[in-house]
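Observations on the three-dimensional arrangement
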Amino acid sequence: MFELKNKNKHTIAFYNLENFFDTKDDPHTLDDDFTPKGFKKWSTSKFRKKVKKIGKTISQIGFEESKRPPALIGIAEVENKEVIKALLKSKSLRDEEYDFVHFDSPDERGIDTALIYHSEHFKVLGSEILPLLVEDDDGNRDFTRDILYVNGKLNDEEIHVFVNHWPSRRDGADETSYKRIKAAETVLQKLDRLNVDLPNIIVMGDFNDDPNSESIQTLMGSGRFINPMQKLLSPVSGSANYKGKWSLFDQILVSHTFLNYEPGTHSFEKAKIFAPKFLTEWKGKYKGNPFRTFVGRKYLGGYSDHFPVFVIVEKN
């Protein structure tokens, strides 16, 4: 009976994979650190361990709620198609009907976003990249990650998915906020061009901003979305931790259309941060923080410096 009760629940997730690089040197990007002779001494065995760990994690996101692996997983910080293919061949994922959408972006480090989807539940109708056109202080283009847009059918209901990894705060949160506001505006401009009445929209990503930041509020100000992640950020919980402070840069926003209960549609049920014990530091000063792959050049052998986030939707 329990399985029957959950048969219409589906997980939609987002996961920043923390520098998911292969070991080869790409002469066109700044990936030298992640090579066998580079700063991180990145080897085939370390890469394979990471593949195994990330595959295990993805297979379990939302499983307690939906009793199946995720239908959609947006991912960030992936170097290329080859690392995604390796991930989908991992022991935990290879028996699932997963495929993916990915484009190379102009990011200087060569990291991109992608959307992994379960072919049994999702069919791609179209996809494209939305270039993020922002400039640095000198007026030169700041080459950063494109926004990935995918149009498809989730269990026969058409949806529009945006996978984001917005510009970092490396040069200061306030100093770089205009870039993330521009990213929000880029998403909204695409929605304005869609020409669809009340589209089903999912905007997910590592926004490098919290729910109350101006960039996220720019999205919310459009009146299109609810942000179920808003209540998940607290002084003792978030998706990443920097110098003892929790943040919730990883979020999934859904359109108001996910609040209806008409037959054939999907209804939002809940939002969560996926932080089981195996994804955390078990002891010491950083107990409870994400168990990451590296701290500086020190190899820890963990999963990622971010926890995945997910929402559960139910097919009516």
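Residues numbered from 1 in each chain as written. Predicted model: local features only at pLDDT ≥ 70, side-chain atom pairs only at ≥ 80, totals over all residues. Heavy atoms only, no water.

Before going further, it helps to spend a moment on the overall build of the protein. Secondary structure summary: the protein contains six helices and 16 strands in total. Relative to a compact globule of 316 residues, whose C-alpha radius of gyration would be 20 Å, the protein shows 19 Å and is just as compact. Seen along its three principal axes, the alpha-carbon backbone of the protein occupies a region of about 55 × 50 × 40 Å. Burial analysis of the protein (316 residues in total) assigns 56% to the buried set. The long-range share in the protein, meaning contacts at least 24 apart out of those at least 6 apart in sequence, stands at 70%. Charge-centre separation for the protein: the mean point of 47 positive side chains lies 9 Å from the mean point of 48 negative side chains. (Helix = DSSP H or I, 4+ residues; strand = E, 2+ residues; numbered from the N terminus. Rg over C-alpha atoms; globule rule 2.2 N^0.38 Å. Buried < 20%, exposed > 50% of the residue type's maximum accessible area, 1.4 Å probe, protein only. Contact = heavy atoms within 4.5 Å. Lys, Arg positive; Asp, Glu negative; His and termini not counted. Charge placed at Lys NZ, Arg CZ, Asp CG, Glu CD.)

Given two aromatic rings, one states the distance between the centres and the angle between the planes to describe the pair. Under the definition given, this model contains 14 aromatic pairs. A centroid spacing of 5.5 Å and a plane angle of 55° characterise the contact between F278 and Y303, whose relative ring orientation is tilted. Residue F278 is found in the loop between strand 13 (266-273) and strand 14 (294-295), and its partner Y303 is found in the loop between strand 15 (298-299) and strand 16 (309-315); the two are separated by 25 residues along the sequence. Both residues of the pair, F278 and Y303, belong to the buried class. Three or more aromatic residues joined by ring pairs form one cluster here, namely F21, F34, W42, F294 and Y299. The side chain of K46 reaches across the aromatic face of Y299, ending 4.7 Å from its centre. One cation-aromatic arrangement involves K56 over F278; the distance from NZ or CZ to the ring centre is 4.3 Å. (Phe/Tyr/Trp six-rings, centres within 6.5 Å; stacked < 30°, edge-to-face > 60°. Lys NZ or Arg CZ within 6 Å of the ring centre and 35° of its normal.)

Let us look at the sheet that holds strand 1 (residues 9-20). Strand order across the open sheet formed by six strands is 3-4-2-1-16-13, with mixed pairing between neighbours. At either margin of the open sheet sits one strand with a lone partner, and together these are strand 3 (98-102) and strand 13. Averaged over neighbouring strand pairs, the angle between their axes works out to 20° when direction is ignored. As paired strands, strand 3 and strand 4 (residues 112-118) are joined by five bridges and run antiparallel to one another. Looking across to strand 4, one finds that H102 is bridged to A114. Contacting strand 1, strand 2 (72-78) and strand 4, helix 2 (residues 44-60) runs over the sheet at an angle of about 160° to strand 1. (Pairing = 2+ DSSP bridges. Axes fitted to C-alpha atoms, helices over the stretch in contact; angles between N-to-C directions.)

As enumerated under the stated definition, the model contains eleven salt bridges in all. When the shortest N-O distance is used, the salt bridge between K190 and E128 registers 2.7 Å. Of the two residues, K190 sits in helix 5 (residues 173-194) while E128 sits in strand 5 (residues 122-130), which places them 62 residues apart along the sequence. A relative accessible area of 10% places K190 in the buried class. (Salt bridge = Lys/Arg side-chain N within 4 Å of Asp/Glu carboxyl O.)

A general feature of soluble globular proteins is that nonpolar side chains tend to end up buried together. By size, the foremost hydrophobic cluster in this structure holds 64 residues, and its most contacted members are I58, I84, I116 and I252. A per-element tally of this core places strand 1 first, with six residues. Once residues lying within four places of it in the same chain are set aside, the contact partners of I116 are I58, A71, L72, I73, I75, I84, L87, L88, Y98, D99 and F100. With 20 residues, the next largest nonpolar core counts W166, A184, L194 and L219 among its residues. (Core = buried A, V, L, I, M, F, W, Y, C linked by side-chain atoms within 4.5 Å.)

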